[in-house]
Amino acid sequence: MRLPGGRIAATRAFPPRLVHVIAGNAPGVAAMSVVRGALTKGVNLLKLPSNDLFTATAILRTMAAVAPGHPVVRSFSAVYWRGGDDAVESVLFRPQFFDKLVAWGGEATIRGALRHVGPGFELVSFDPKTSISLIGREAFASPRTLAEAADAGAADATFFNQQACVASRFQFVEGSVDDADRYAALLCERLGLAREFSSAGGPRVPTDLREEIDVLRSLAPEYRVWGGYDGRGLVIRSPEPVDFHPDGKIVNVVPVTALSEAVTHAGVATQTVGVYPGTRKPDLRDALACAGVQRVVSLGQAGGMPPGLSHDGFYPLQRLMRWVNDE
């Protein structure tokens, strides 16, 4: 390009050396890491998570079988060591070996990664996230719209059996307590259906969580609970969001008088917000963005983030590359 002063400049996206610390909550993380690493044409080391030693390994072995000796195949390695092992990481995470550390995972993983960041060794962080849903009063216009909203809410809540960041855990319903109960009962039915990215039976509810939910069952009518502990889905209706982390196809439904009230429960750790109906999104987008939310979708479309869009508030491929100017 010709710059305003008459100088000529060119910019190259130079291939980086990346070490990826990937999460094991959903197999898409490994696949996405391989795809992005291949697109950079750089060198990639995948540190496997203890709860998924197989997805990245299977992908790389398949690549090697399809095109043995291909430069992209040769640019990848997958290894495992115990996370936080300083004997490995203090030696490996250095700028003479890698340019960037691409870290996925919970708070402990990200804080551990920060210990090694320094000049010449940059952190690209996919922080721990959670997601919510906002259901407008339009859902109660007819039995058809209520069923439509419950189906969409269940699809977002059960994505990879609620293990993915995009999976909805808290759903705020604009209406009365009776409206929220109608939605919650129908949602619980829909949670038990098998879908493309979930099973009819998810993980059984752990004992400590069961004890907390049993206490809430005894507090009716202020709290109501639908479903059991067999992993097919459970819904809790409460006046405020529960103080524990719903997991394994558990959804917390909270009635609000206006969807704008629900925005106060969003923050920088809120990745995706599903809105029903989609026509309500323009009224909520700015407030959600100010709260720290990175993604607003129509309810039911939280899963399957389209390629090329931003992820967690930034464009990953641009962050992964090294940008070199010739001026």
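## What about the pairing of strand 11 (residues 250-256)?
Thinking step 1. Taken across its 7 residues, strand 11 has 7 buried, putting it largely inside the fold.
Thinking step 2. Because side chains alternate across strand 11, one face comprises the buried residues I250, N252, V254 and V256, and the other comprises V251, V253 and P255, equally buried.
Thinking step 3. The pairing of strand 8 (residues 168-174) with strand 11 spans 5 bridges and is classified as parallel. Each bridged residue has a counterpart across the sheet, and for Q171 the counterpart in strand 11 is V253.
Thinking step 4. Bridge count for strand 10 (residues 234-237) against strand 11 is 4 bridges, and the pairing is parallel. Pairing of R237 across the sheet is with V253, part of strand 11.

## Remarks on the pattern of salt bridges
Thinking step 1. A full pass over the atoms with the stated rule returns 16 salt bridges.
Thinking step 2. Residue R111 is joined to E107 by a salt bridge in which the shortest nitrogen-to-oxygen separation is 2.8 Å. Taken together, the positions of R111 and E107, both in helix 5 (residues 107-114) and 4 residues apart, correspond to about one turn of that helix.
Thinking step 3. When salt bridges with common partners are traced through the structure, they connect R137, E138, E174 and R280 into a single cluster.

## Re the layout of surface pockets
Thinking step 1. A volume near 640 Å³ is recorded for the largest pocket.
Thinking step 2. If you go around the largest pocket, you meet 30 residues; those closest to its centre are N25, V29, A164, C165 and V166.
Thinking step 3. If you tally residues by element for the lining of the largest pocket, the top one is helix 1 (residues 28-40), at 3 residues.
Thinking step 4. Roughly 460 Å³ of volume is contained in the second largest pocket.
Thinking step 5. Lining the second largest pocket are 28 residues; nearest its centre among them are V21, K47, G83, G84 and T109.
Thinking step 6. For the lining of the second largest pocket, the element with the highest residue contribution is helix 5, accounting for 4 residues.
Thinking step 7. By residue class, the composition of the lining of the second largest pocket is 13 nonpolar, 11 polar and 4 charged.

## Some points on the pairing of strand 10
Thinking step 1. The alternating pattern of strand 10 places L234 and I236 and V235 and R237 on opposite faces, both of which are buried.
Thinking step 2. Here strand 9 (residues 224-227) runs beside strand 10; their pairing, made up of 4 bridges, is antiparallel. When the bridges of strand 10 are listed, V225 appears paired with I236.
Thinking step 3. Between strand 9 and strand 10, which pair antiparallel and follow one another directly, the connecting turn spans 6 residues, one of which, G231, has a positive phi of 90°.

## A look at the sheet that holds strand 4 (residues 76-79)
For sheets, the rule is that strands pair by backbone hydrogen bonds, running either parallel or antiparallel.
Thinking step 1. A sheet is described by the order of its strands in space; here 5 strands give the open sequence 4-3-2-5-6, paired in parallel fashion. A single partner strand is all that each edge strand has here, and the edge strands are strand 4 and strand 6 (122-126). Ignoring strand direction, the axes of neighbouring strands in this sheet form an average angle of 15°.
Thinking step 2. Of the strand pairs in this sheet, strand 3 (residues 43-47) and strand 4 are connected by 4 bridges, and their pairing is parallel. Looking across to strand 4, one finds that N44 is bridged to F76.
Thinking step 3. Strands in contact with helix 2 (residues 55-66) are strand 3 and strand 4; relative to strand 4, the strand with the most contacts, it is inclined by about 145°.

Rules and cut-offs
- Residues numbered from 1 in each chain as written.
- Predicted model: local features only at pLDDT ≥ 70, side-chain atom pairs only at ≥ 80, totals over all residues.
- Heavy atoms only, no water.
- Buried < 20%, exposed > 50% of the residue type's maximum accessible area, 1.4 Å probe, protein only.
- Helix = DSSP H or I, 4+ residues; strand = E, 2+ residues; numbered from the N terminus.
- Pairing = 2+ DSSP bridges.
- Salt bridge = Lys/Arg side-chain N within 4 Å of Asp/Glu carboxyl O.
- 1 Å grid on protein atoms, 1.4 Å probe; cavity = no way out; pocket = protein on both sides within 12 Å on 5 of 7 lines; lining within 4 Å.
- Points joined across faces, edges and corners; volume = space filled by probe spheres on them.
- Nonpolar A, V, L, I, M, F, W, Y, C, P; charged D, E, K, R; others polar.
- Axes fitted to C-alpha atoms, helices over the stretch in contact; angles between N-to-C directions.
- Contact = heavy atoms within 4.5 Å.

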